[in-house]
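# Chain and residue survey
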Amino acid sequence: MEHILTPKVEEVQLLDRYTAKKPAIGTLYLTATHLIFVETSCNTRKETWIIHHHIATVEKLPLTGTGYPLNISCKNFHVVHFVIPSERYCQDVYHSLLRLSQPAKLEDLFAFLYNPKQDEDDRRNGWGFIDSAMDFKRMGLPNEFWELTDLNKNYELCSTYHSELGIPKTARKDTVLGSAKFRSRGRLPTLSYYHKESNGAICRCSQPLSGISARCLEDEEMLQAISRANPNSTFMYVVDTRPKLNAMANRAAGKGYENADNYSNIRFQFVGIENIHVMRNSLQKLLEVCAMKSPTMSDYLTGLENSGWLRHIKAVMDAGVFLAKAVADEKASVLVHCSDGWDRTAQVCSLASILLDNFYRTIKGLMVLIEKEWISMGHKFTQRCGHVDGDPKEVSPVFTQFLECVWNLMEQYPCGFEYNEKYLLEIHNHVYSCQFGNFIGNCQREREEMRLKEKTFSVWPFLWENRQQYINPLYKCSLGREVLRPSTLPLNFKFWCGMYNHFDKGMQPKQSILDHLLTIIQKRVEGEKKMTDFQRKLAVMDGVLADECTLKSRPPEQTLMPPVSVAHTSKNMQIKEETIIQLAPTAGSKQI
Amino acid sequence: MEFAELIKTPRVDGVVLRRPFQPTVEGTLCLTGHHLILSSRQDNTEELWLLHANIDCIEKRFVGTLGTIIVKCKDLRVIQLDIPGMEECLNIASSIEALSTLDSVSLMYPFFYRPMFEVIEDGWNSFLPEDSFKDLESMTDEWRLSDVNQDYCVCASYPPLVAVPKDVDDDTLRKAAAFRHAGRFPVLSYYHKKNGMVMMRSGQPLTGTNGRRCKEDEKLINATLRAGKRGYIIDTRTIAVAQQAKARGGGFESEANYPQWRRIHKAIERSSVLQESLIKLVEACNDQSHNMDRWLSKLEASNWQTHVKEILTTACLAAQCIDREGASVLVHGTEGTDSTLQVTSLAQIILDPTCRTIRGFQALVEREWLQAGHPFQQRCVQSAYGNGSSVKVRCEAPVFLLFLDCVWQILRQFPCSFQFSEHFLVLLFEHAYASQFGTFLGNSAAERAKLKLSQKTVSLWSWVNRPQEAQRLSNPLYEANSLVIWPSVAPQSLLLWEGVFLRWNRSSRCLDEAYEEMVHIIEYNKELQNKVNSLRRQLAELETDDPLQHTE
C-alpha cells in the first residue's frame, strides 16, 4: 500500500509500560491492516498484533539514549511504547501509522478489504442473522396499541432513523409528520421498547424545537397518542437526559425541552447526563490515571474521582434504572430524549431494555439490542469512534459507557447474564476495528448508500460462531423475565480494570474463575458424551440394545446429547443427574 | 459477680427488630449473661442471637414512650430494636452496655460455653511448637528449639519455646533480649525450603540516642547468615519514624554495627492510625447518601486501601529478598507485635503453599499471631464503632483485620490457589472480635496459660476442623499450587473487601446464588468424571472378562 514507507524495522524495543524492566527486542512489521511486533529476544515467538484502526494516537518523543521513542495508544486501551533505532525509520512508521489508522475515506477501512474464506451466500445470510425489526414482533407488535409504519421508508421523515418505526396505532399520519417537523433533525418520538407485562412503553426522540415559546399541536398529539397507548397509566414521563442548564441553553437556539403546560398529563424530568465533550475529557483523565507509573493508592483514588468517570457511569445507570422502574413499577410509559437523541438517549433506552427484558441479557439478545437501539437508530459510529480522519470533537466514548454499565450490572447479577465480560470486550474491539461493516456509517441511510451489506461482512455471525468463549457458566435463565433492580449506590460501581487495563496482564487476577469454569463446562460436555457412549456400549453388551448398527443410523448427537451451544441451566443439569442415577444399575451387568 | 445484677429487665415483649435487606421481625427480647436474643414466637427461624461481646456500641433514641436502641456490632452489622416502654428501653440499654464491656476476661462467654458438637480433635493441641519444629528439623539442622523463655521471664509476649540458630546459646539470647523492645529478641519465623533462606522477626533494637550496641544481638542475627552472604533488615517504619524512636530508647540497626545487613525502611502505619482509618472507612461505607465524588473522596481519605497496599508491598519485598535474592531477612517495627507480624505472615502466604491450605493457615495464625504475641484482647476490644470515649489509652486497632484483608486480596488474584474460601477469612475476623471459643482471648501465650484457656475453653480450631465445617470453608476452585504466588500491588488490582465492608450494606442474594451455582457446576462435573471413570473400568473389565461377548 502507498502509505507504507518502511514495511519492516529490526532491532525495535518494546518497553514495559510501567516498570523499568528490560525491554523486549524484536522486529516491527507494517502490513496493510496491522502493525505486528515479533519478539526476537525470547525463545518463544511472542507476537503483538495491533489493527491499524485501533490506533487512537501515535506520538514521537525526543531522542533517548537507546533510540527514538514512539508511543501508540489504542482505542481498546492497549498502550505500547516502542523505541526505534533510527530516526528515519521512526519517522516512516509514524507517518504510515497516521495515515493507516485514520484513512481519509470510509472506503479505505479494513472491512472493505476483509475477506474470510466464505462464499457470497454465507455473507448475505450473515447480514440477515440479526434483524432488529423482528424484535418488535417478539415484543408483540403489532397489537391493539402499537404498529409499525413505513412512513420513513425513503428516509424522508427522518434521515438518521431506520426505515421501519414503531408508533402508536392512534397517531394519524399528519400527527407523525407534524411531530417530526417539530423535533430536531426530524427525530420524532418512536417506540424503543414495549413492555408486554405492564403495557408501558419506552419511546425515544430528539429535543423539541420549542425555543422560548414555540409549540406544535401535532407533537402534543403525538405524545398524547403515546400516553394513551398505555391503558394502565393516566400520565407519562418525559425524560430529558441532559442537565437542566444545558437544556435551557438550547432554548436560545430555538431548541429546548417540553413545556409541561402544553402537554397534557406528562411528568417532565431532567436526569443530568453530561454531553459528549465532557465524556471525552473524562475518559482522557481516566486514561491518564491508568497510565500513572507506580501511583500511590491516594493518587489513584483521587485521580479516579477527579476524572469524574464513575460519576458519569452512575448517571447513565441511574437514568436507566429510572426508566425501568417507571415502566415496571408504575406501569407508565416514558419518552426519552437528549439533544439529538442518538447518544445519551441510546445509552439510557438500551440499558432500560436490559433491565426490563431477560432477552437482552442473552448473547443473541444483546446483538439485537445493539442493532436496534444503536445502529438502526442512528448512533453516529463513524464519528463517535473516529473511524476516518475527521472532527476530533465528534469523538466520544458513548458506546463504551453503555458496555461499562452492562458490566456493572453483570457484577451485581453474576447469574443474570448469558454472556460474560469477554463478550463485551470483543464487541468493543469490533466497534473500533472496522473489520466488519456493522459499525461503519452514522446511520442506516449512509450504510445503504455505501452498500455495506454487499461489500463487507457482518460481525454477528462471527461472534455467534465463537459463542462458547462468551458464555457465562453461572447463567441461570430461570431468572426469567425478572426485572433487574440494581443498586446504584456509588460503592457498587467499580473501576473496570478488565477494560481499561486489559492489556496490562500483571494487574489482572493471575487465575481467572471464568476461564476455570469455562474449562469445566468443556470437560462436562466431553464427559457427558463419553458417558452416553460407554453406557451405550454396556447396554449392547448386556443385550439391552440389540445391535450397534441401529444406533449408528440415528443422528447420535441430537437425540442423546443436549445442545452444546448455550449454558446449561441448573434445571437440565438436574435432569442429567437423574439419568446418572437411573443408568447406574448397569454396573451390575457383570453378573449377567 | 452475678450477671443477674446487671440484667434489670430480662425480657420485653413486642420488640421490633429492623435490619437492612431483611424483613422486620417482631418478637420477645431476652437478655442472658452473654446473649441478646430476639425470638418471634410464631416462627422460630427468625431468631437473633447476638453475643454481647460482639456489641461495639449502642445508641438510644426516644419518640414518646417508644424507645429505639441502635446496636452497632464489631462485625460491622448495625441493627435497630424498637422497644415499647421508656423504662424497659433504658434498662435494656444499660444492661447491654454493662454486659458488652465486662472487664474481667474470665467472665467472657468462652468460659461458659459448652460445645454442642463432638470434639474430635482438640484444637488446643493441633498446632504445638514442638510439632512445627519437627518439620523444620526434617529440612535443616541449623536451628534448635530453645526453652529460654520457659517461664516467660525473658520475653513476656513470646511463647515458652522459640526457634533460634543452633550455635547461639541461651545466655546470648538473654543478652540480646535485653537489647530488644520488650525482650523480643530475633527468632525464626519462616524457613524457605527451596534455598534455605530464613525470615526472622523481633522488636526494635534499643539503640537509643547514643547508639548503644549489643554484641550478642549482632552475633545472634549474624548466625543466621551463610558464609559470605548478606541479609536484609526490613524496618516496617519510615526512616523518620525510626529516628524518632531513638528518643524513646528505641531505634534501628546501624550499618556500622551490622555490616552484613542492608536495612530497608517501609511505611506501615502504627496501630492508632489504622484504627482511625477503619472508623473512617466504615463510616463511608455506611453512609448511603453520598454521591460518587463524595464516596471516592471518603474512601481515599480513610486511607484503608493505602494501608492494604503498604502492607502487601512490604510482604512482597520480604518474600522477594528470600526467594529472588536468596537472602535472609529480619523484620521488625517498634514492638514487633503488629506490622511485623502482618509482614512475616503474608510473606509466608506468598512463599509457602502449605499456608494456603485450611490447616496450614490455622497453623500460620497460631504461630505468627497467637504464639508470636499479637495482643488480640487489646486490639479487638473495640471495632469500627468504638470511639474509645471511655478508654484511657487506646490500644484497639484492626491489625489482624488488615492482615485478613491482604490475604483476601491475594486470594482474589489467585482464586484457585487457596484451599479455603473467603468465608474462612470472614469467620476469623468475626471470632477475633467476639467468639464462643477461647482461641483469641488474652494478649500472649503467657496470659493464655494463666487463664488456663486450654482447660477451660474450647478452641476455635476444634470446631473448624470438623469435616462438615472444613467442607463449608473450603474453596471449590482449589487446585494445589506449589509455586510462589506474587500478587499485584497496583492500585487497580486492590479492591475494597466487599465481603466484610459492604456485607451488611447490600443484598447478598445474587452473589450467594452465584457462589452456589459455581459449587454446583464443579460438584456436578466431579460426579460426572467419576461416573465416566467407573463406566470405563466396567467396560474394560467386561471386555477382558469375556472377549466373546464383545464380538457377539
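Residues numbered from 1 in each chain as written. Chains lettered and ligands numbered in written order. Predicted model: local features only at pLDDT ≥ 70, side-chain atom pairs only at ≥ 80, totals over all residues. Heavy atoms only, no water.

## A look at the overall build of chain A
Put simply, the test is: Going along the chain from the N terminus, every DSSP run of H or I of four or more residues is numbered as a helix, and every run of E of two or more is numbered as a strand. It is over C-alpha atoms that the radius of gyration is taken, and the globule rule equals 2.2 Å times the number of residues to the power 0.38. Accessibility here uses a 1.4 Å probe with only protein chains present; expressed as a share of the type maximum, an area under 20% marks a residue as buried, one over 50% as exposed, and anything in between as partly exposed. Note on definitions: a residue-residue contact is assigned when non-hydrogen atoms from the two residues lie within 4.5 Å. Counting rule for charge: Lys and Arg are taken as positive, Asp and Glu as negative, and neither His nor the chain ends is counted. Charge positions are represented by NZ for Lys, CZ for Arg, CG for Asp and CD for Glu.
A count of helices and strands for chain A gives 23 helices and 14 strands. Taken over C-alpha atoms, the radius of gyration comes to 27 Å for chain A, in line with the 25 Å a tight globule of 592 residues would show. Taking the principal axes of its C-alpha atoms as reference, chain A extends roughly 85 × 75 × 50 Å. For chain A, the proportion of its 592 residues judged to be buried stands at 59%. At a minimum sequence separation of 6, the contacts of chain A that also span at least 24 residues come to 71%. Of the side-chain charges in chain A, 71 are positive and 68 negative, and the distance between the mean point of each set is 2 Å.

## A look at the sheet that holds strand 14 (residues 328-332) of chain B
Residue and element names in this part refer to chain B. For the record, the criterion: The criterion for strand pairing is that DSSP finds at least two bridges linking the strands in question. Here an axis means a line fitted to C-alpha atoms, over the contact stretch when the element is a helix, while the angle between two N-to-C directions is reported on a 0 to 180 degree scale.
A sheet is described by the order of its strands in space; here five strands give the open sequence 10-11-14-12-13, paired in mixed fashion. Two strands bound the open sheet, and with one partner strand each, they are strand 10 (187-192) and strand 13 (261-265). Taking each pair of neighbouring strands and ignoring which way they run, the sheet shows an average axis angle of 20 degrees. Pairing of strand 10 with strand 11 (residues 197-201), which is carried by five bridges, proceeds in the antiparallel orientation. What sits directly across from Tyr191, in strand 11, is Val198.

## Examining the pairing of strand 14 of chain B
Residue and element names in this part refer to chain B. A large share of strand 14 lies buried, amounting to five of its five residues. The two faces of strand 14 match: Ser328, Leu330 and His332 on one face and Val329 and Val331 on the other face are all buried. Sheet topology places strand 11 next to strand 14; three bridges connect them, and they run parallel. For Arg201, the partnering residue across the bridge sits in strand 14 and is Val331. For strand 12 (residues 231-235) and strand 14, the ladder comprises five bridges, and the chain directions are parallel. Each bridged residue has a counterpart across the sheet, and for Gly231 the counterpart in strand 14 is Ser328.

## So, helix 11 (residues 358-371) of chain B
Basically, it comes down to this: Here the expected span of a helix is defined as 1.5 Å times the quantity of residues minus one.
Relative to the 20 Å expected for 14 residues at 1.5 Å per residue, helix 11 of chain B spans 18 Å between its end C-alpha atoms, a close match to the ideal helical length. Of the residues trailing helix 11 of chain B, Gly373 of chain B is marked for its positive phi of about 85 degrees.

## Looking at the packing of helix 10 (residues 344-356) of chain A against helix 11 (residues 363-375) of chain A
The axes of two packed helices give the description: the angle between them and the distance between them. Residue and element names in this part refer to chain A. Worth spelling out the cut-off: In this scheme, roughly parallel covers angles under 35 degrees and roughly antiparallel covers those over 145, while 65 to 115 is roughly perpendicular and the rest are oblique. Helix crossings are classified by the rotation of the near helix relative to the far one: an anticlockwise turn of less than a right angle makes the crossing left-handed, while a clockwise turn makes it right-handed. The classification used treats Ala, Val, Leu, Ile, Met, Phe, Trp, Tyr, Cys and Pro as nonpolar, Asp, Glu, Lys and Arg as charged, and all other residues, Gly among them, as polar.
One way to put it is that helix 10 packs onto helix 11 with a least axis distance of 10 Å and a crossing angle of 150 degrees. When the axes of helix 10 and helix 11 are compared, the pair comes out roughly antiparallel. The two elements helix 10 and helix 11 cross, and the hand of that crossing is right-handed. Listed contacts from helix 11 to Ala346, Gln347, Cys349, Ser350, Ser353 and Ile354 of helix 10 are Leu366, Leu369, Glu373 and Trp374. Tallied by class, residues from the contact of helix 10 with helix 11 come to six nonpolar, three polar and one charged.

## Details of the packing of aromatic side chains
Rule in force here: Only rings of Phe, Tyr and Trp enter the pairing, Trp through its six-membered ring, and a pair is recorded when the two centres are within 6.5 Å. The plane angle decides the type: under 30 degrees is stacked, over 60 is edge-to-face, the rest tilted. Charge over a ring is defined by NZ of Lys or CZ of Arg lying within 6 Å of the ring centre and within 35 degrees of the ring normal.
As enumerated under the stated definition, the model contains 51 aromatic pairs over all chains in all. Between Trp304 of chain B and Phe501 of chain B, the aromatic rings sit 5.4 Å apart at their centres with planes inclined by 70 degrees, giving edge-to-face as the arrangement. Linking Trp304 of chain B in helix 9 (residues 304-323) with Phe501 of chain B in helix 19 (residues 498-501), this pair joins segments that are 197 residues apart in sequence. Residue Trp304 of chain B shares its accessibility class with Phe501 of chain B, and that shared class is buried. Note on Trp369 of chain B and Phe403 of chain B: the rings are 5.0 Å apart at their centroids and 40 degrees apart in plane angle, and the pair reads as tilted. Taken together, the residues span a long stretch of sequence, with Trp369 of chain B in helix 11 and Phe403 of chain B in helix 13 (residues 399-413) at a distance of 34 residues. On the basis of relative accessibility, which here comes to 0%, the residue Phe403 of chain B falls in the buried class. Taken together, the aromatic side chains of Phe127, Phe361, Trp369, Phe376, Phe400, Phe403, Phe418, Phe420, Phe424, Phe440 and Trp461 of chain B make up a single cluster linked through ring pairs. Its guanidinium or amino end placed over the ring of Trp464 of chain A, Lys364 of chain A lies 5.7 Å from that ring's centre, counting from NZ or CZ. Seen from the ring of Phe136 of chain A, Lys372 of chain A lies directly overhead, with NZ or CZ sitting 5.8 Å from the centre.

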